[in-house]
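The residues making up each chain are set out below.
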Protein chains: 2
Amino acid sequence: MARQKEADFVTHIASRAHDFPQWYTDVILKADMVDYSIVKGCMVIKPYGYRVWELMQSEMDRRFKDTGHVNAYFPLLIPESLLQKEAEHVEGFAPEVAWVTHGGNQELQERLCIRPTSETIICSMYSKWIQSYRDLPLLINQWANVVRWEKSTRPFLRTSEFLWQEGHTAHATSDEARQEAATMLEVYKEFAENVLAIPVLTGQKSEKEKFAGAEATFAIEAMMQDGKALQMGTTHYLGDHFSRAYDITYLSKEGKLEYCYTTSWGTSTRMIGGVIMVHGDDRGLVLPPTIAPIQVAIVPVAQHKAGVLDKAYELHRELASLGYRVKVDASDQSAGWKFNEYELKGVPLRLEVGPKDIEKDQVVIVRRDTHDKLFVPIPQLADSIDELLKDVHATLLARALDFRENKTVNAVTMEELAAGVNGGFVRAMWCGDRACEDSIKAQTGATTRCTPPDELQIHLDTKCICCGREAERLTYFAKAY
Amino acid sequence: MARQKEADFVTHIASRAHDFPQWYTDVILKADMVDYSIVKGCMVIKPYGYRVWELMQSEMDRRFKDTGHVNAYFPLLIPESLLQKEAEHVEGFAPEVAWVTHGGNQELQERLCIRPTSETIICSMYSKWIQSYRDLPLLINQWANVVRWEKSTRPFLRTSEFLWQEGHTAHATSDEARQEAATMLEVYKEFAENVLAIPVLTGQKSEKEKFAGAEATFAIEAMMQDGKALQMGTTHYLGDHFSRAYDITYLSKEGKLEYCYTTSWGTSTRMIGGVIMVHGDDRGLVLPPTIAPIQVAIVPVAQHKAGVLDKAYELHRELASLGYRVKVDASDQSAGWKFNEYELKGVPLRLEVGPKDIEKDQVVIVRRDTHDKLFVPIPQLADSIDELLKDVHATLLARALDFRENKTVNAVTMEELAAGVNGGFVRAMWCGDRACEDSIKAQTGATTRCTPPDELQIHLDTKCICCGREAERLTYFAKAY
């Protein structure tokens, strides 16, 4: 089939080079991931988008359980007085919460906010549940919806309601809590790379960018194809801030009453936006195989001919029985329409089978990532699919890593920084002062993304790129979502 | 170990015979299923309780997918004007919704309710998504939290916020929608019996008891050990009520614009309360194996002796590798304490292994449901566990069915009805009039539970048990949760 004709089908998607935000909107709507709702700032996650989330959840949940965490569920609604107990926390979140003032026909005595995050309600329970060192560590995760009243929203990236997971842990010592925050950051990084095929930088957020109420916040940061950064997950070492505010104490082995040290960590449906913006192309979505709702789309060619549909279903049965997510499209749409449909939906492999293929006991496989076309003998199909899906993942990850490295520069002058963040990440020395951070933002539009850990620090210079005073640490700067 | 000493551990649980509601509260708290929160009427589902819900979700979700449904996610918040479009629906739900009036620091132009159920928001999207007969049927399920402002609450059974699934489907014809409501009722029944080991009655709810806005509501109803009924799930045939209110139309094959017919169906964390009240005993929870977080609790006896812990962990590895959920308790608590702990938590099988057992290459297994003690040669362990778990399920189901049948009576007089519902279900003829339903409730405290389908109808009498006028259909009456 002619490439020209195929191209016609996708002209309704803006090109990335021409208008990246419009391309994003076109892709998520045309690929049936999401829809706008009547409720301002709230999205509907359609079945195809939700299936991606389910597959991500299942991969994450297994990792959380493997690292000793269990799931629980805490109330959606938080009394105002409870929210207010941790001063920095309430200051950070109060301006963006939704308030419930009436239940049924009655005005409430105290208004309740819809959780923007659950530290407050969870800490109020931990205070009750934790008595002795035997109760520690307490390692709980929650899958939930949260609401943050956003003025400007974009599906998946920033919506007033979103779905997420939030881990909340309590520990006997500061070291142990710091280790938990580091461990979960590593879990997020490994998940991003091995499931989403997205390479991420890890490091610590600045004081300005950290979570309201945290002692330290750590993040995984990814580069989108427009060179902007997306924060894809954060872990927080909360010190004893919340333990003191919510009175979480334990009796130590030595019989002393001590405050706990706590952490929290979260990732959300925002990551779906990241997958789209890292891997998508001008034909639509490109999904990493592990989270693709359909891994292999079987398109029968000349399906009215004897034996074609039978063979298509036979291959479906074989692959499905091996655990692959497979779909046969036997609809009355043209083969060309189907080719485009599954490209738009980011299906990693398209399998074509027609009368001539059946004669030769082979199928045609087309990769979504490279558009490579392969002829595969049917007896070798299962092995080929396995290898190909692994290779699609590896190719996506390597391509995204190359892209990021090519678009990341070192800067020692503000001019270099300003040029670099116009389409990429910049490494630069920063003194750590808020004044310089604000000034860099005002001059370039870039924010601090993260400061890498010591072992990944390099010294580009001895001076802060902004104020010229002594600076010991390198930080990543970028424009960000 | 002496039974007397064991009994001491559980004296803090009220006996079912003496105070059933107190027994329920004791069990859910002591077994660590749930806790009360600072938010009135809202519960915290603790990890052990939440794990039961996860296992239930996984079993239900598979059944929904096997019957052609997909999951999606719709907004939590519903504008007041949208809620009001279906007259009966808003009348039923408005008195019990929570209202959001402020976002951040601003008063909203229109207040939003937290979904008490999602017909309104989902129908507003279906109106947009459904254009042609090709878009039908649309078969979507949502896993979500909902809020209904309840005056009097009990964990799992009735709380202001609860977790549930809600299926929402749209069809071209009335027959097809009716069939969907029937199919999902059957799915619920099969799930109740084969997963929860709870026998259920199925049938249609009265006009008074049906869902606000439905044409017909069908339910699964189970008998608790106090003889009261628990409605464990409902399916609704909504006719074209919501299609007309929300303008869900499609172009038929013949090119005519037609209204869709819709259904909805839901089950919730309430079912966990049912499991507790159907199977529990005076020692605590009794969990059906399919939803037990721990299926086999391994208790090492004389664990300080050489080889005991090694053997316990070896058995753990063997059983875990076969897919069983197993725990070794090597804590420094006494064996007696552990026996009671896993009885309280409803673990189906306790496996004891000590030096003498190791010598004989055997283990001791104690069933939670019957307290039977078996000596099982280790080489036969895997097969025995498989058989025993199946038998525990079958025994629980048979026992619950016997209980229900023994506590269900036929009545032809109001005296018989009043006596019967004092601890059980009553079958009686009813004319179908609301006046009689209200009168029966006023006289006996019982409500109509469900009217069985035609094929399960029997004619006890020709007259309504209340008014004496002609009555053709038998209905179940009971006091209910």
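Below or above, wherever it landed, is the structure these notes cover. Predicted, not measured: the structure shown is a model, and the values here were computed from it.

## Describing the environment of A:V301
All names here are of chain A. Structurally, V301 is set in the loop between β15 (296–300) and α10 (308–321). Spatially, the C-alpha atom of V301 lies 53 Å from that of S118, the residues being 183 residues apart in sequence. Every residue in contact with V301, bar those within four places of it in the chain, is listed here: V308, E352, V353, G354 and P355.

## Regarding the relation of the copies chain B and chain A
With an RMSD of 0.0 Å, chain B superimposes on chain A once it is rotated by 180 degrees and translated 0.0 Å along the axis. Seen this way, the second copy is the image of the first under a two-fold rotation axis. Closest approach to the rotation axis within chain B is made by the C-alpha atom of B:V100, at a distance of 2.1 Å. The residues that chain B uses at the interface reappear at the interface of chain A in 100% of cases, marking a shared surface.

## A few points about the side chain of B:E437
Residues and elements named next belong to chain B. With respect to the helices and strands, E437 occurs in helix α15 (residues 434–444). Buried and unpaired, E437 has no salt bridge, with R434 as the nearest side chain of opposite charge at 4.8 Å. Looking at E437, its side chain comes within polar contact range of the side chain of T448, at 2.7 Å. Those residues in contact with E437, other than ones at most four positions away along the chain, are S206, K208, E209, W430 and T448.

## Quick look at the interface of chain B and chain A
Across the boundary between the two partners, chain B contributes 55 residues, which contact 55 residues of chain A. With both sides pooled, the region where chain B packs onto chain A buries about 4300 Å², and carbon together with sulfur makes up 63% of that total. Connecting chain B to chain A are six salt bridges. Taken together, the residues of the side of chain B that touches chain A sort by class into 34 nonpolar, nine polar and 12 charged. Of the pairings in the sheet, the one linking strand β5 (residues 98–103) of chain A to strand β5 (residues 98–103) of chain B comprises five bridges and is antiparallel in character. Within the sheet, the bridge partner assigned to A:A98 lies in β5(B) and is B:G103.

## Side note on the pattern of salt bridges
All names here are of chain A. As enumerated under the stated definition, the model contains 64 salt bridges over all chains in all. The residue R111 makes a salt bridge to E80 at a minimum N-O spacing of 3.0 Å. Residue R111 is located in strand β6 (residues 106–114), and its partner E80 is located in helix α4 (residues 80–83); the two are separated by 31 residues in the primary sequence. For R111, a relative accessible area of 29% corresponds to the partly exposed category. D438 is paired through a salt bridge with R434; the nearest N and O atoms lie 3.2 Å apart. Separated by four residues within a single helix, D438 and R434 lie in helix α15 (residues 434–444), roughly one turn from each other. Since its relative accessible area comes to 30%, D438 is described here as partly exposed.

Each value, and the rule that gives it
- Residues numbered from 1 in each chain as written.
- Chains lettered and ligands numbered in written order.
- Predicted model: local features only at pLDDT ≥ 70, side-chain atom pairs only at ≥ 80, totals over all residues.
- Heavy atoms only, no water.
- Helix = DSSP H or I, 4+ residues; strand = E, 2+ residues; numbered from the N terminus.
- Contact = heavy atoms within 4.5 Å.
- Least-squares fit on C-alpha atoms with pLDDT ≥ 70 in both.
- Buried < 20%, exposed > 50% of the residue type's maximum accessible area, 1.4 Å probe, protein only.
- Lys, Arg positive; Asp, Glu negative; His and termini not counted.
- Salt bridge = Lys/Arg side-chain N within 4 Å of Asp/Glu carboxyl O.
- Polar contact = N/O pair within 3.5 Å; in protein donor to acceptor, adjacent residues only side chain to side chain.
- Buried area = accessible area lost by both parts, 1.4 Å probe.
- Nonpolar A, V, L, I, M, F, W, Y, C, P; charged D, E, K, R; others polar.
- Pairing = 2+ DSSP bridges.

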